[in-house]
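Fold and contact review
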Amino acid sequence: MGQNRTRLSERISDAVALFTGIRTVRCPKPHCTVSIRYRHVTPDEAKRLTDMATDHTRH
């Protein structure tokens, strides 16, 4: 139950951030807590940050 509560709080936090124009990218690996948030970046920088967050071998 604790894991589900954590996931729910992460989703709520991501939704609030999205309303303020902040994008959140999380690592897709289970139990990995890495996430990157960004706002007002170039498309190249957004891709770099997304690649970093989703490539589990880089963190």
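What you are looking at is a predicted structure, and each value in this text was computed from that prediction instead of being measured.

Some details on the overall build of the protein
Of the regular secondary structure elements, the protein holds two helices and two strands. Oriented by its inertia axes, the alpha-carbon framework of the protein measures out at about 40 × 30 × 10 Å. Evaluated residue by residue, the protein yields a buried proportion of 20% over its 59 residues. For the protein, the share of sequence-separated contacts (at least 6 apart) that also reach a separation of at least 24 residues comes to 31%. Approximately 4700 Å² of the protein is accessible, and the part contributed by carbon and sulfur atoms is 57%. Within the protein, the 6 negative side-chain charges are centred at a point lying 7 Å from the centre of the 11 positive side-chain charges.

Considering the environment of threonine 54
Along the chain, threonine 54 turns up in helix α2 (residues 43–54). Separated by 25 residues in the primary sequence, threonine 54 and lysine 29 have C-alpha atoms spaced 8.3 Å apart.

Re the environment of arginine 58
As for its placement among the helices and strands, arginine 58 is situated in the segment after α2. For the pair arginine 58 and valine 34, spaced 24 residues apart in the sequence, the C-alpha separation amounts to 11 Å. Setting aside chain neighbours within four positions, we find arginine 58 in contact with Asp51 and Met52.

Comments concerning the confidence of the model for the protein
When pLDDT is averaged across the protein, the result is 90; 92% of the residues are at 70 or more. No element of the protein has a lower mean pLDDT than helix α1 (residues 2–19), which averages 83, and none a higher one than α2, which averages 97.

Looking at α2
With twelve residues, α2 ought to run about 16 Å at 1.5 Å a step, and its terminal C-alpha atoms sit 16 Å apart, in line with that. Those residues of α2 not exposed but buried are Ala46, Leu49 and Ala53. Along the axis of α2, the buried positions cluster into a sector of 65 degrees, meaning they face one direction only. Opposite the buried face of α2, at more than 90 degrees from it, the exposed residues are Pro43, Asp44 and Lys47. Of the surrounding secondary structure, the elements contacted by the buried residues of α2 are β1 (23–26) and β2 (35–38).

Definitions and limits used
Residues numbered from 1 in each chain as written. Predicted model: local features only at pLDDT ≥ 70, side-chain atom pairs only at ≥ 80, totals over all residues. Heavy atoms only, no water. Helix = DSSP H or I, 4+ residues; strand = E, 2+ residues; numbered from the N terminus. Buried < 20%, exposed > 50% of the residue type's maximum accessible area, 1.4 Å probe, protein only. Contact = heavy atoms within 4.5 Å. Areas by Shrake-Rupley, 256 points an atom, 1.4 Å probe, with all protein chains shown as cover. Lys, Arg positive; Asp, Glu negative; His and termini not counted. Charge placed at Lys NZ, Arg CZ, Asp CG, Glu CD. pLDDT = per-residue confidence, 0-100. Expected span 1.5 Å × (residues − 1). Arc of directions from axis to C-beta.

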